Every structure is written in structure tokens, then in C-alpha cells.
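Listed here are the chains, written in short residue letters.
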Amino acid sequence: MAIPQLFENMFPAWFAGVAFAAIGMGALVPAAIMSIAAANLFTRNIYKDFIKPDATPEQETKVSKLVSLLVKVGALVFVLTMDKTVAINFQLLGGIWILQTFPALVGGLFTRWFHRWALLAGWAVGMIYGTVAAYGVASPTQKHFGGSSKEIPGIGEIGYIGLTAFVLNVVVTVVLTFVLKAAKAPEGIDVTSPRGCTADAAQTQAKAAPALRPGTSPAPNPS
């Protein structure tokens, strides 16, 4: 609120109004980008994969627009109903959450050693611990989500909740991977096609070659 308060105190009312409008428009840009990204993620990774695998591009576009609108409405509800003093703490909570996706993403993309259910269980443990621990942090102005640091279990020192949750995430993932592999639990079938990971040589050459008008021939090689 420092910059808006500066405009209100130091400039005429008409200029402050223009500045407030500019701030609002500037805030809409990243909000729109994030809502579109969330809608595309839902449509491509949830709707098309699990709900309607045979969805047409038109149906995907319609669902994406609807989800984007719902995300905007949800954000508006947060803005109008939530305590403004906890905004920064929700941002810190988002950092705790996003950190828990690291083992699943890196472990799932760059190695085949981790068991898929172990990765999912580790992510769930990290998410639950991080959320509950952050909820229990109090501050002089609020009872919950008062910060992102808390006493580390078993150590007694104050540490970042996200890092503690991350360690629990990794430990659970590694231990369960050993257990599930020892129990010979099914690891699923890798349906990735090698053809989908490489470009066709003929298509690449066609795209790289300059377009020629009918009746013309390629320029001679200077060498």
C-alpha cells in the first residue's frame, strides 16, 4: 500500500485516480496470464486425460475458457473476503506448496528409479505437513499462517517450513520406493513413444529449406 498511499497524499485527486487505475490494470496482466495458464493445465492434463480423452479442440477451448473464468472469480472472492494482512503469508504458503512438486517432477522426468506411488505419497506428506505447520504459526496480528518458519521436529531449531516438508517428502519417497520395489508392486507401463521425442528428419529439412517459386532452382553453392 506504500505506493498508492504516496499517490493519494502527494498528488491531486485526478492524478491519483489515474495512477490507481494504472495499478489496477497492471495487476490484471499477471492475473490474466496465471488464470489462462491454470485453465490450460486443467484442460490438457485433467479434462483431456481423465474426463474426456476424445475431446475435440473446440471442446478443449470451451472448457479452458470456462475454467479461466472460474479461476478469476475465485481470485476475486479471495480479494474481497480474505484478510489483506495475510496476503504475503499466502504467498509464502504457495512457496511451500510448489517446493513439494520438485521431487516428483525431477524424480519422474530424469530417473526411472523412484516408484510412482512413492513419489505421490512423498508429495502428499510434504503438502500436508507444510500446510498444517504453516497454519499453526501465529503472529501478533493473526492466529494462523503468521509466518513460514517453525521449530523443526526432532531438532528443536527454527527452520523454513518448506524445507522441512521437502526433507520429509524425499525421505518418504526413498523409503517407500525401497518398500514397493521389495514388494514388487506394479510400477505401471511407460507409454512414452521414442518417436514423440524426436523430430522427423524429412520434416526438419523441409522446414529449414528456403521456399522456392515454381520454375526456379536453388542458388548455386559458392564453394
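Described below are features of the structure shown in this document. Computed from a prediction, not measured in an experiment: that's the story for all the values here. Each chain has its residues counted from 1, running along the sequence as written. Confidence filtering applies because this is a predicted model: local features only for residues at pLDDT of at least 70, side-chain atom pairs given and counted only at 80 or more, and all residues used for totals across whole chains, interfaces and linings. As a convention, hydrogens and water are excluded, and side-chain values are obtained from all of the structure's heavy atoms.

## Regarding the pattern of salt bridges
Oppositely charged side chains can pair when the atoms bearing their charge come close.
So, point 1. One speaks of a salt bridge when a side-chain nitrogen belonging to Lys or Arg is within 4 Å of a carboxyl oxygen belonging to Asp or Glu. Across all of its chains, the model carries four salt bridges by this definition.
So, point 2. Note that Asp54 and Lys52 form a salt bridge whose closest N and O atoms lie 3.7 Å from each other.
So, point 3. A salt bridge links Glu187 to Lys181; the shortest N-O distance between them is 3.1 Å.
So, point 4. Burial status follows relative accessibility: with a 1.4 Å probe on protein chains alone, a residue under 20% of its type maximum counts as buried, one over 50% as exposed, and anything between as partly exposed. Judged by relative accessible area, which is 39%, Glu187 ranks as partly exposed.
So, point 5. Of the residues examined, Lys181 reaches a relative accessible area of 29% and is grouped as partly exposed.

## A closer look at the layout of surface pockets
So, point 1. What the largest pocket holds in volume is close to 860 Å³.
So, point 2. Contributing to the lining of the largest pocket are 21 residues, with Ala31, Met34, Ala75, Phe78 and Val79 lying nearest its centre.
So, point 3. Contributing elements (two or more residues each) for the lining of the largest pocket: α2 (13-51), α3 (57-81) and α4 (87-99).
So, point 4. Secondary structure elements follow DSSP: runs of H or I of four or more residues count as helices, runs of E of two or more count as strands, with numbering from the N terminus. Looking at the lining of the largest pocket, the element that brings in the most residues is α2, giving eight residues. Here the term cavity refers to a set of points on a 1 Å grid, laid over the protein atoms alone, in which a 1.4 Å probe fits but cannot get out; the term pocket refers to an open set having protein on both sides within 12 Å along at least five of seven lines, with lining residues being those that place an atom within 4 Å of a point. Grid points are joined across faces, edges and corners, and a volume is the space filled by probe spheres set on the points.

## A few points about a nonpolar patch on the surface
So, point 1. A cluster of nonpolar side chains, Ile3, Leu6, Met10, Phe11, Trp14, Phe15, Val18, Phe20 and Ile23, forms an exposed patch at the surface whose accessible area comes to about 890 Å².
So, point 2. Elements represented by at least two residues in the nonpolar patch include exactly α1 (2-10) and α2.
So, point 3. No other element matches the five residues that α2 contributes to the nonpolar patch. A patch consists of residues exposed above 30% relative accessible area that lack any salt bridge, with like charges linked at up to 9 Å and nonpolar side chains (Val, Leu, Ile, Met, Phe, Trp, Tyr) linked at up to 5 Å. Computed with a 1.4 Å probe, the accessible areas rest on the Shrake-Rupley method; for each residue, only the protein chains presented here act as cover.

## Observations regarding unusual backbone geometry
So, point 1. Residue Lys184 is not a glycine yet carries a positive backbone phi of 55°.
So, point 2. Looking at the element boundaries, Lys184 is found in the loop between α7 (161-182) and α8 (201-208).
So, point 3. We classify Lys184 as exposed; its relative accessible area is 73%.

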